[in-house]
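# A look at the structure
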Amino acid sequence: MRVSISTRLLIVATLTILVALPAAGILLSDAFRRAVAVAHDQRLQALVETLAARIEASTPGDLRLGGSVAEARYGQVYSGWYWQVLREDEVIATSRSLWDATLTVPPLATPLVRGSITLQGPMGEALRGHYLRLQLAQVPQPLELIVTEPQSALNAEVSAFNRLLWWGLGTLGSLLLVLFAVQIRWGLRPLRSIRDDLEAVRDGDRPSLSTALPPDLVGLAETLNEVLAHQAAVVTRSRTVAGNLAHALKQPLATSRMAAAEPVPDRDLLRRSLAAIDATVNHHLARAAAGGAAGGRYRRVDLLATLRPLVDAIRGLHGGNGRVLEARLPEGIGVAMEPQDLQELVGNLLDNAGKWAHSRIRLTAEAGEGTVTLTVDDDGPGLPPEQREGALRRGVRWDEQQPGSGLGLAIVQDLVALYGWTFALEDSPLGGLRARLTGPLRRPRKVAARG
C-alpha cells in the first residue's frame, strides 16, 4: 500500500509525540518525587533538631521538655504527624497525636545516629520519619528522638503534580500534533505547486514550470524545465528530420516518376534514383536513431577517438582532389554528446569545407575554461557576411553546381540547438570560411541551494 508523504510525516510526528512526551513525563515525575522527598526529609530533620533543642536535663535522670513541636497537626490524634522521645525502652514524651500509643523503630541493619526511616504508625499507616540518637552529658543513657509524617502526604503532593503534568503534556501533545499537521501541509505546498505546474505543462496550458519557489526547490524546477526544454527540442528535431527527409526525397522521387513515365523506362536512371532514395532514407534513419539516443542520457565521449575515423573518411573522400586536411585534436578532451551526433556535426562542416576548399582544410579543437571550441577552416572563396544567415536555412544552396541537398548547415544548427552549443560562420585565416562550434566540456548541471 502506497502512503503519501504527508501521511508518512504525520505518522512519524505522531509516533515521536507518543514516545517523547510520555518519556519526558516519567522523567519529570520521578525528578519531582525525588525533590519532594528531599524537601520532606529536610523538614523532618529540622523538626527533630528543634525537638532536641527543647530537651532539658537538670539532674541525672531528670528530663523535661521545654515546650513541643509548634505544629498543629501534631496535636491531632492519629494524624500520622507524630513525635516521641525515648530513653532505652522508656517513653519520656510523645506528641498528643499519638494519644496512648508509641512508635516502634524497625530493626536497622547498622546502628543509626541520624537519618531518614520508614515505619508503621499505630493505625498501620505508612510513615516517613527522621531519627536522631542524642547523648546528653547529664544523662548516661542515649535518647532516641523520632519525628514522622504520613507517607500519604508526600504521595498526595506527587499525585497532584502528576495530574497537572499529564494534563499539560496531553494538551501540549495535541497542540504539537496540530502544529505538525499545519507545518507538513505548508511545507509540502511547493511540491503540490510543482505537481500542478507539471499538469498544466502536460495539458498545454503553460510551457514550463514556475520558479517562484523556496530556494531549495528552485534548482529542482530549473532542472525539470531543462528536461522539458530538451524533450521539446528532441520533438522539434524529429519533426525537422521528417521534413528534411521529405525534402531530400522530392528530387529522386520526381526523377523516378519521370523515368517510369517514359515509354521505355531508363533503367539506369531508375537505379540511380532508387539508390539515392535508399541512401537518403538510411541517412535520416541513422540521424533519427542518434536523436533518440540524445534524448536520454549523454555519454562523455573522447573527442579524438570519436573524430579520428571521420577525419580519415573525409581525407579519403576529398584527398583525391588535391585537398589536404589538417587535424589538430589534442588528447584528453571529452564532450557530453552522442558519438553519432558529434560525428555528424563535424562531418557536415568538413564535407562542406571539402567541397569549397582549393587545397587546405583545417580542423582544430581547443579546450578552455569549462568549454571546448571546434573550428573548421578552408581556403575556398568564403561566404559574404550578408549571405551567411541565409546559408543556415534548410534546403538553401548557393551553388547549384555543387552536389548536395542544402541541408548540411541547417542540420548542424539543429544539433547545436539540441545540445546547447553555439555555431557561427566567420572569416577564416586561411582565406575562406571558418565554422566555429563552442560547447561545454560536460553537460551543465544546476545544483539546488541547500539550507
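Cut-off values and rules
Residues numbered from 1 in each chain as written. Predicted model: local features only at pLDDT ≥ 70, side-chain atom pairs only at ≥ 80, totals over all residues. Heavy atoms only, no water. Helix = DSSP H or I, 4+ residues; strand = E, 2+ residues; numbered from the N terminus. Buried < 20%, exposed > 50% of the residue type's maximum accessible area, 1.4 Å probe, protein only. Contact = heavy atoms within 4.5 Å. Areas by Shrake-Rupley, 256 points an atom, 1.4 Å probe, with all protein chains shown as cover. pLDDT = per-residue confidence, 0-100. Pairing = 2+ DSSP bridges. Axes fitted to C-alpha atoms, helices over the stretch in contact; angles between N-to-C directions. Phe/Tyr/Trp six-rings, centres within 6.5 Å; stacked < 30°, edge-to-face > 60°. Lys NZ or Arg CZ within 6 Å of the ring centre and 35° of its normal. Expected span 1.5 Å × (residues − 1). Arc of directions from axis to C-beta.

Time to look at the overall build of the protein chain. Along the backbone of the protein chain there are nine helices and 14 strands. Sorting the 451 residues of the protein chain into buried and exposed places 38% on the buried side. Restricting to contacts in the protein chain with at least 6 residues of sequence separation, those with at least 24 account for 61%. As presented, the protein chain carries roughly 25,800 Å² of accessible surface, and 57% of it is formed by carbon and sulfur atoms.

Let us look at the confidence of the model for the protein chain. Averaged over every residue, the pLDDT of the protein chain is 81; the share at 70 or more is 84%. The secondary-structure element of the protein chain with the lowest mean pLDDT is helix 5 (residues 267–294), recorded at 66, while helix 2 (residues 151–187) shows the highest, at 94. Predicted confidence is poor over residues 292–297, with pLDDT under 50, and the contacts of this stretch with residues over four places away or in other chains come to eleven contacts. Scored below 50 in pLDDT, residues 443–451 makes 13 contacts in the model with residues more than four places away or belonging to other chains.

An order of 9-11-12-14-13 is seen for the five strands of this open sheet, with the pairing classed as mixed. Edge strands, defined here as strands with exactly one partner in the open sheet, are strand 9 (324–328) and strand 13 (422–427). Strand-to-strand twist of the sheet, defined as the mean angle between neighbouring strand axes without regard to direction, takes the value 15°. Note: strand 12 (residues 371–378) against strand 14 (residues 433–440), seven bridges, orientation antiparallel. Bridge pairing in strand 14 places T371 opposite P440. Running at roughly 175° to strand 9, helix 6 (residues 303–318) makes contact with strand 9, strand 11 (360–367) and strand 12 of the sheet. Each of strand 9, strand 11, strand 12, strand 13 and strand 14 touches helix 7 (residues 339–356); the most contacted strand, strand 12, lies at about 20° to it.

Bridge analysis of strand 13 against strand 14 gives six bridges, and the strand direction is antiparallel. Of the residues in strand 14, the one forming a bridge with A424 is R436. Taking the residues that link successive antiparallel strands as the turn, the strand 13-strand 14 hairpin has five residues, and the phi of G431 there is positive, at about 110°.

What follows is about the packing of aromatic side chains. Where two aromatic rings form a pair, the distance of their centres and the angle of their planes describe that pair. Evaluation of the coordinates by the stated rule reveals two aromatic pairs. Ring geometry for F32 against F161: centres 3.8 Å apart, planes inclined by 15°, an arrangement best described as stacked. Of this pair, F32 sits in helix 1 (residues 5–53) while F161 sits in helix 2, and the two are 129 residues apart along the sequence. Both rings, one in Y74 and one in W81, keep their centres 6.2 Å apart while their planes meet at 80°; by these two values the pair is edge-to-face. Comparing Y74 with W81, the two get one shared label, buried. Stacked on the ring of W81, the Lys or Arg R73 has its end atom at 3.8 Å from the ring centre.

Glancing now at the sheet that holds strand 5 (residues 114–120). Reading across the sheet, the five strands line up as 4-3-7-6-5 and stay open at both edges, with antiparallel pairing between neighbours. In this open sheet, the two strands that pair with only one neighbour each are strand 4 (90–94) and strand 5. Strand after strand, the sheet turns through a mean of 25° between neighbouring axes, direction not considered. Pairing between strand 6 (residues 126–134) and strand 7 (residues 143–150): eight bridges, direction antiparallel. Looking across to strand 7, one finds that G129 is bridged to T148.

Further remarks concern helix 3 (residues 189–202). Relative to the 20 Å expected for 14 residues at 1.5 Å per residue, helix 3 spans 20 Å between its end C-alpha atoms, a close match to the ideal helical length. Listed as buried for helix 3 are P190, I194, D197, A200 and V201. Each buried residue of helix 3 sits inside an arc of 120° when the element is viewed along its axis, so together they form one side. What points out from helix 3, more than 90 degrees from its buried face, is the exposed set R189 and R202. One or two positions beyond helix 3, positive phi appears at G204, with a value near 80°.

With that settled, the discussion passes to the side chain of T306. Looking at the element boundaries, T306 is found in helix 6. Those residues in contact with T306 that lie beyond four places of it in its chain are V301, P339, L342 and Q343.

With that out of the way, let us pick up the environment of R272. Mapped onto the elements of the fold, R272 is located in helix 5. On the accessibility criterion, R272 (52% relative accessible area) is exposed. Sequence spacing of R272 and T255 is 17 residues, and the spatial spacing of their C-alpha atoms is 9.5 Å.

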